[in-house]
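Now for the letters of each chain:
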2 protein chains.
Amino acid sequence: MKNFETRAAAAVLLCAIAALIFSFINFFAVKHHDEGNTSIKSVGKKIRRGAMAYLRRQYGTVGIFFVIMYLILTGLSMKGFLSPFVPFAFLTGGFFSGLSGFIGMKIATYANTRTACAAQKGLNKALKIAFSAGSVMGLTVVGLGLLDISVWFIILKFIFKLNINDTMTAMLTFGMGASSMALFARVGGGIFTKAADVGADLVGKVEAEIPEDDPRNPACIADNVGDNVGDVAGMGADLYESYVGSIISCGALAATAGLGFNGVLVPMLIAAIGILASIAGTFFVSVKEDASQKVLLSSLRRGTYISSILSAIGAAILIFTLLPESSNVFWAVISGLLSGVLIGFFTEYYTSDSYKPTKELASSSSTGSATVIIDGIALGMSSTAIPVIIIGISVIVSFFTAGGFASFAKGLYGVGLSAVGMLSTLGITLATDAYGPVADNAGGIAEMTSMPSFVRERTDALDSLGNTTAATGKGFAIGSAALTALALIVSYTDKVTAMGVKLNLSVTNPAVLIGLFVGAMLPFLFSAMTMRAVGRAAQKIVIEVRRQFHEIKGLMEGTAEADYESCVDICTKSSLREMIFPAALGIAAPIATGLVLGCNGVVGMLSGSLISGFALAIMMANSGGAWDNAKKYIEAGNFNGKGSENHKAAVVGDTVGDPFKDTSGPSVNILIKLLSMVSIVFAAVIASYGGMGLF
Amino acid sequence: MKNFETRAAAAVLLCAIAALIFSFINFFAVKHHDEGNTSIKSVGKKIRRGAMAYLRRQYGTVGIFFVIMYLILTGLSMKGFLSPFVPFAFLTGGFFSGLSGFIGMKIATYANTRTACAAQKGLNKALKIAFSAGSVMGLTVVGLGLLDISVWFIILKFIFKLNINDTMTAMLTFGMGASSMALFARVGGGIFTKAADVGADLVGKVEAEIPEDDPRNPACIADNVGDNVGDVAGMGADLYESYVGSIISCGALAATAGLGFNGVLVPMLIAAIGILASIAGTFFVSVKEDASQKVLLSSLRRGTYISSILSAIGAAILIFTLLPESSNVFWAVISGLLSGVLIGFFTEYYTSDSYKPTKELASSSSTGSATVIIDGIALGMSSTAIPVIIIGISVIVSFFTAGGFASFAKGLYGVGLSAVGMLSTLGITLATDAYGPVADNAGGIAEMTSMPSFVRERTDALDSLGNTTAATGKGFAIGSAALTALALIVSYTDKVTAMGVKLNLSVTNPAVLIGLFVGAMLPFLFSAMTMRAVGRAAQKIVIEVRRQFHEIKGLMEGTAEADYESCVDICTKSSLREMIFPAALGIAAPIATGLVLGCNGVVGMLSGSLISGFALAIMMANSGGAWDNAKKYIEAGNFNGKGSENHKAAVVGDTVGDPFKDTSGPSVNILIKLLSMVSIVFAAVIASYGGMGLF
């Protein structure tokens, strides 16, 4: 069996490397394409430079945090609270999460100009480049994720020969590093992109009445930089963390269930199969020239569905061969895969203008912006019901098929596996998601460099599709976050129980109950902080753009150039400053709760934040997505079209939805996992000092 | 000791009767005042007639529901699942909850014209009448509440000589009847009032540009009727239910804690003391002529604070005399009283334009309605933090001082007592709350009957104060709902444990976990339903008002009268139709959850809905309150004043806030208690048939 472990770990490592190689090939393939004339190159360079400058400074700020945490963790490990691997594991998690975002953004900023150029020649050519860039991102995230996991596993297991519990603890800390980095990247990037977007729109579109992405708007470069740092780099770090988190937490549950290293290797192998399936799927994404929207979408879907089916087949073979005696866990994986697809579908149902909810939302614009807001919030709120039911069914199926009747721990391992199943095809789902911002940027570049209108039409076709696939992607991100957080909570209880803490997790225990209240409140407070941060940063952009319109002579006439850099600079500074408090809340809340309420209180807090955060994240993502598409639906000529009162009302909805769907909503996903990770890492401290002697 | 029980029950009954007598005296005192000239009388009559017509039809619709539930409960009691008292107890709870609303509305519709008349003579005279009407409402609610409880107690205990558990079960069903009625009244009334308000504003103020309450607006009578059926009758039924629920659930906890009938009588006696303190407090509400806003407010506050202090002293004497060996529970009562006052204060802090948050919200109107919405939602979300901490501290204090260290059950009894403490002075807090809609209506009548502008100024001064006291009242309602629901959840677990169900309430139990997810989602779904209902009903009013403006010649010139009745009729019909589904959700959800997930799942669901509902209710109440006052702040001349772009942006916020604060927010409070009540009543069925054989 030793032999099997080595071979399995090696196979996982090889699949990870395969993903990275495939990703590098695509990277250079994209770079090889024509970037167009000097004007395009110059705009592209400005965006790239702005985005890179932001990332560099973000890493600098986050670096300080990581150094502080490293010192704290080292201190705790020297006192015997943590294993000596923990501080270093924490650093690597953060590093690779950041690296995933960095590479994704690098390729996105190369691909945007090239997609715009290719769109001059044809739709399929543009799709190919944008999608290739997306798959670089997708495969980098899963490749780096699985690389790190397998390398750590090999080091801890084969070199240091740690036992299974110590191995998993060190690996969970690696997850906490990734979560911290992801939270910074999502919050910081989310604030940047929405501050620039809202700021540019408020002065440019509304006050000066110039179109979006008009080169006269001083914030237009910042807006495009924002798409890259928020929607690309932020999302990359975010999904890296989800992916890694689901595999590690499932492994930790295997340890508790007494399934040994084999139980840890199964989720890694499922992920490895998912990588191969994703690579295969990317070859099926292609359309004929001038295909319709529908054909484009079905082409992207074809890739995803083929990957899912291949993944399922692969997982079946794997499980029936390796675990013949508990082959039922196969259904856990399938339930995860299916739940992801279903949540994605319902997200699309609620947010796409092909379906009733968003059409009705658009019609509410007839009675003004207030009704658009009320209806949009109601839409988001009611869209929480189905995902909750799907997750509930998935938990039931995976718990009981994995053996929950006989062994509670095995059932929970099944729940962990369903999260891994849901994310196993992340390589391709992320590719279809990440291609959106590339197409969006390409459209902006086409506008800024005055390309013929049919180019913009083609990039718009790609972009609007990107909204749909992004909605699906958000569904996956939220669903997997819920299952992963759940697995992490169980890991936490296992860990503190192993330390000798006697837990009483009944919801009637005051500590658990107060913890639940506090936990349910945290996503609300956190969302308020991030929304306000966007508001404050946007305010600064508004003032700067107004100043430039006023002071730079000839700007409106197109004879003088705007000072784009100052807007990028303002966004960078504000978002880095504004990301600190929300992130600090994520780290401080579990520690403070633990010190006051003890370990039972921490579990209550984690559960409370999971369930309210899940509902809130779905509501914000879907309200935001529906507002965006309702506006687009009106712009497409429905309900009196662009420029009408209906349109103005819908624009208000869209503006409110921006921080909902791109800043607060996705950040809440990370928050609920980070809270669990921090709790796990600080478990020993809380077990010793928490509870004020009362709990 | 038997002797003591009889004497105590008699004392409680006498205090309840005292409240009712005092309330009747005030009723006739108000009615005795001058109602003014024929034009005032005619408007007053229209409002009264509309309101009564609505209530009659509401009781008809609700009656059908009560008959069905009565039959179901009778069937279950015949099968031995429930005691034979249950069906009848259910009916009486519903009846008295409805009666509280009815009497409150009766007096409010007598007082509105008389307040308008008195305002011609002076501010203090108007305040006296409006506040007397409020105290009729407040004292009727507490009087009827305590009357029913004590009469039931006397019948069950002394006549049928039931044991303590059967007594408390029958009384909890009485609570379920009250909750059901309250939910119908709040949801139906809330939809009526906001549909009329939003509909009247959208066409009248925005399209036709005529002032609020202009007699040319066909919806103006419906708008004023709405204030009565929503803010008065709905609130009366709501708080009746909270009041009764807190006392009964505390009694049920006394039974579990083994404190016997004495333990049940303590909360009843505390409530009785609170009634006497409230009556005393009403005598301190009075101002000199033409007092400032500040003096008015401090006059109302004086009444509340004096009542609180008297209540605390009375509770201290009671507890130290009756329970010398566990006199520490006194601190539980005090922590409840204090928490109510503190939550009320922070509600005011977040929603009054005297403080920073609402001022900043008003300033966000400079960048348009989108930023007003974002900031308002962020304000509401961040305002959830402090109440959660207050409730947390209150639970800790009351749990441990009541003996939670030694006995879990005794600690939970302390938590129940803190809810009773919080609501003990409801007689006067509700009076200061209910006087608001009377003043609001008086202002409307002054406008409709073209009284001199100083009259409107005086009623406006009273009304704007009403907003502040209403905010405080909402804080009390939300805080007490949380504590009461908590006590009810514990009662539920006691009840099913007594039936022989072995509970595993750990949050890592899949049934509990899925229950938590479902529960956290329910308040979102419920709020979406109620908000949409307002939207649909308002839409119908918009169409009708437009039709009348178009078809009735001379309406805009003031030569023809509008068809007010048709608007009242539309609101009535829509709100009665729209209230059915949300109410059905409240009844069906616990039963469905129980059937699928079993008793553990029900507890999870109840806890989930409690914690997410608490956060959501606070958010919606405070966002709504702050938007309302931010608009008023701008209308008072700040940020370019009335008619400016800032004002328009603030009006959008206010319109969004209307269903938030007056329909969905307060209904969520009732929902979380109704879910618990229904679970308790159907516990035996679920214990036998729930869980699908899995859980």
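Treat the numbers as computed from the prediction; the structure is a model and nothing was measured.

Novice: Got a sec to walk through the overall build of chain A? Specific residues and values, please.
Specialist: Tallying secondary structure elements over chain A gives 20 helices and 0 strands in all. For chain A, the C-alpha radius of gyration of 24 Å lies close to 26 Å, the compact-globule estimate for 695 residues. The burial tally for chain A puts 70% of its 695 residues in the buried class. Counting every atom, chain A has about 21,200 Å² of accessible surface; 64% of that belongs to carbon and sulfur. Of note, chain A has its 48 positive side-chain charges centred 7 Å away from the centre of its 45 negative side-chain charges.

Novice: Please provide a residue-by-residue account of the packing of aromatic side chains, values included.
Specialist: With the rule as written, the count across this model stands at 52 aromatic pairs over all chains. Taken together, the aromatic side chains of Phe345, Phe346, Tyr349, Tyr350 and Tyr355 of chain A make up a single cluster linked through ring pairs. In this structure, Lys157 of chain B packs its charged tip against the face of Phe261 of chain B, placed 4.5 Å from the ring centre.

Novice: Describe helix 16 (residues 510-551) of chain B, with residues and values.
Specialist: Helix length check: helix 16 of chain B, at 42 residues, gives a terminal C-alpha distance of 61 Å against a target of 62 Å (1.5 Å per residue), a fit within 8%. The largest bend along helix 16 of chain B measures about 25° and falls at Leu522 of chain B, with the proline Pro523 of chain B one to four residues further on.

Novice: Account for the relation of the copies chain B and chain A, with residues named and values stated.
Specialist: Least-squares fitting of chain B to chain A yields an RMSD of 0.0 Å, with the superposition described by an axial translation of 0.0 Å and a rotation of 180°. Taken together, these values place the two copies in the relation of a two-fold axis. Ranked by how close their C-alpha atoms come to the rotation axis, the residues of chain B are headed by Ser506 of chain B, at 2.3 Å.

Novice: Let's hear about a nonpolar patch on the surface: which residues, and what values?
Specialist: Where nonpolar side chains cluster on the molecular surface, the patch consists of Tyr305, Ile309, Leu310, Ile313 and Ile317 of chain A and spans about 480 Å² of accessible area. Residue placement: Ile313 of chain A occurs in helix 8 (residues 293-322).

Novice: I'd like a rundown of the layout of surface pockets, residues and numbers included.
Specialist: The volume enclosed by the second largest pocket comes to roughly 630 Å³. In terms of lining residues, the second largest pocket is bounded by 24 residues, among which Glu360 and Asp375 of chain A together with Ala528, Arg532 and Arg536 of chain B are the most central. Going through the elements one at a time, helix 9 (329-351), helix 10 (356-363) and helix 11 (369-382) of chain A together with helix 16 and helix 18 (580-635) of chain B are the ones with two or more residues in the lining of the second largest pocket. When its residues are assigned to classes, the lining of the second largest pocket shows 10 nonpolar, 8 polar and 6 charged.

Novice: Account for the interface of chain B and chain A, naming residues and giving values.
Specialist: A common measure of how large an interface is: the accessible area buried when the components associate. Every contact between the two is made by 69 residues of chain B and, on the other side, 70 residues of chain A. Of the roughly 6,100 Å² buried between chain B and chain A, counting both surfaces, carbon and sulfur atoms make up 85%. Where chain B packs against chain A, one counts 0 salt bridges. The interface formed by chain B and chain A holds 0 residue pairs in polar contact (both at pLDDT 80 or more) in total. Of all the secondary-structure elements, those providing two or more residues to the side of chain B that touches chain A are helix 11 (369-382), helix 12 (385-401), helix 13 (408-423), helix 15 (453-498), helix 16, helix 18 and helix 19 (645-681) of chain B. Among the elements that make up the side of chain B that touches chain A, the one with the highest residue count is helix 16 of chain B (16 residues). For the side of chain B that touches chain A, the residue count by class is 50 nonpolar, 17 polar and 2 charged.

Novice: Residues and numbers for helix 19 of chain B, please.
Specialist: Residues lying three or four places apart along an α-helix face the same way, a consequence of the helix completing one turn every 3.6 residues. Residue and element names in this part refer to chain B. The end-to-end C-alpha separation of helix 19 is 53 Å, in line with the 54 Å expected for 37 residues at 1.5 Å each. The sharpest bend along helix 19 reaches about 35° and sits at Gly657, with the proline Pro659 one to four residues further on. With 34 of its 37 residues buried, helix 19 lies for the most part within the structure.

Novice: Describe the packing of helix 6 (residues 220-256) of chain A against helix 19 (residues 645-681) of chain A, and please don't skip the residues or the numbers.
Specialist: All names here are of chain A. Orientation of helix 6 relative to helix 19, taken along the N-to-C sense of each, is 30°, at an axis distance of 11 Å. Relative to helix 19, the element helix 6 lies roughly parallel. The chirality of how helix 6 crosses helix 19 is left-handed. In contact with Asp231, Asp238, Glu241, Ser242 and Gly245 of helix 6, helix 19 contributes Asp662, Pro666, Ile670, Lys673 and Met677.

Novice: Help me get a handle on unusual backbone geometry, residues and values and all.
Specialist: Unusually for a residue other than glycine, Phe639 of chain A sits at a positive phi of about 45°. Within the element layout of this structure, Phe639 of chain A appears in the loop between helix 18 (580-635) and helix 19. The backbone of Lys161 of chain B shows a phi angle near 50°, a positive value even though the residue is not glycine. Along the polypeptide, Lys161 of chain B turns up in the loop between helix 4 (123-159) and helix 5 (164-207). We classify Lys161 of chain B as exposed; its relative accessible area is 62%.

Novice: So, the side chain of Lys673 of chain B: which residues are in play, and what are the values?
Specialist: Residue and element names in this part refer to chain B. With respect to the helices and strands, Lys673 occurs in helix 19. By relative accessible area, which is 1% here, Lys673 ends up buried. If sequence neighbours within four positions are ignored, Lys673 has contacts with Ser179, Asp238, Glu241, Ser242, Ala481, Thr484, Ala485 and Leu488.

Novice: For the packing of helix 6 of chain A against helix 17 (residues 564-578) of chain A, give the residues involved together with the corresponding values.
Specialist: All names here are of chain A. Where helix 6 meets helix 17, the axes come as close as 7 Å, and the angle between the chain directions of the two elements is 45°. Comparing their axes, helix 17 and helix 6 come out oblique. Crossing of helix 6 over helix 17 shows right-handed handedness. Each of Cys220, Ile221, Ala222 and Val225 in helix 6 lies in contact with helix 17, whose residues at this interface are Tyr564, Cys567, Val568 and Cys571.

Novice: Before we move on, can you summarise the pattern of salt bridges with the specific residues and values?
Specialist: Per the counting criterion, the structure on display carries 56 salt bridges over all chains. For Asp628 of chain A, the salt bridge is made with Lys632 of chain A, and the minimal N-O distance between the two is 3.2 Å. Linking Asp628 of chain A with Lys632 of chain A, this pair stays in helix 18, spanning 4 residues, or about one helical turn. One salt bridge in this structure joins Glu447 of chain B and Arg456 of chain B, with 2.9 Å as the shortest N-O distance. Several salt bridges converge on common partners, so that one network encompasses Lys194, Asp197, Lys474, Asp628, Lys632, Asp658, Lys661 and Asp662 of chain A.

Novice: Help me get a handle on the confidence of the model for chain A, residues and values and all.
Specialist: Predicted confidence across chain A gives a mean pLDDT of 90, with 99% of residues reaching 70 or more. The ipTM, which scores confidence in the relative placement of chains, is 0.93 for this predicted complex, and the corresponding pTM is 0.94.

Novice: Give a description of the environment of Leu616 of chain A that names residues and reports values.
Specialist: Note that Leu616 of chain A resides in helix 18. Between the C-alpha atoms of Leu616 of chain A and Met381 of chain A, which are 235 residues apart in sequence, the distance is 8.0 Å.

Novice: Account for the state of the cysteines, naming residues and giving values.
Specialist: The bond known as a disulfide is covalent and runs between the sulfur atoms of two cysteines. All names here are of chain B. Going through the model one piece at a time under the given rule, you end up with 0 disulfides over all chains. The closest cysteine sulfur to the non-disulfide-bonded Cys117 is located on Cys220, 18 Å from its own sulfur. Between Cys571, a free cysteine, and Cys567, which holds the nearest cysteine sulfur, the sulfur-to-sulfur gap is 6.9 Å.

Novice: Got a sec to walk through the environment of Gly263 of chain A? Specific residues and values, please.
Specialist: Inspection of the secondary structure assignment puts Gly263 of chain A in helix 7 (residues 260-282). With 318 residues separating them along the chain, Gly263 of chain A and Phe581 of chain A place their C-alpha atoms 38 Å apart.

What counts and what doesn't
Residues numbered from 1 in each chain as written. Chains lettered and ligands numbered in written order. Predicted model: local features only at pLDDT ≥ 70, side-chain atom pairs only at ≥ 80, totals over all residues. Heavy atoms only, no water. Helix = DSSP H or I, 4+ residues; strand = E, 2+ residues; numbered from the N terminus. Rg over C-alpha atoms; globule rule 2.2 N^0.38 Å. Buried < 20%, exposed > 50% of the residue type's maximum accessible area, 1.4 Å probe, protein only. Areas by Shrake-Rupley, 256 points an atom, 1.4 Å probe, with all protein chains shown as cover. Lys, Arg positive; Asp, Glu negative; His and termini not counted. Charge placed at Lys NZ, Arg CZ, Asp CG, Glu CD. Phe/Tyr/Trp six-rings, centres within 6.5 Å; stacked < 30°, edge-to-face > 60°. Lys NZ or Arg CZ within 6 Å of the ring centre and 35° of its normal. Expected span 1.5 Å × (residues − 1). Bend = angle between axes of the 7 residues up to and from the residue. Least-squares fit on C-alpha atoms with pLDDT ≥ 70 in both. Patch = residues over 30% accessible without salt bridge, like charges linked within 9 Å, V, L, I, M, F, W, Y side chains within 5 Å. Salt bridge = Lys/Arg side-chain N within 4 Å of Asp/Glu carboxyl O. 1 Å grid on protein atoms, 1.4 Å probe; cavity = no way out; pocket = protein on both sides within 12 Å on 5 of 7 lines; lining within 4 Å. Points joined across faces, edges and corners; volume = space filled by probe spheres on them. Nonpolar A, V, L, I, M, F, W, Y, C, P; charged D, E, K, R; others polar. Contact = heavy atoms within 4.5 Å. Buried area = accessible area lost by both parts, 1.4 Å probe. Polar contact = N/O pair within 3.5 Å; in protein donor to acceptor, adjacent residues only side chain to side chain. Axes fitted to C-alpha atoms, helices over the stretch in contact; angles between N-to-C directions. Parallel < 35°, antiparallel > 145°, perpendicular 65-115°, else oblique. Left-handed = near helix turned anticlockwise from the far one by under 90°. pLDDT = per-residue confidence, 0-100. Disulfide = S-S within 2.5 Å.

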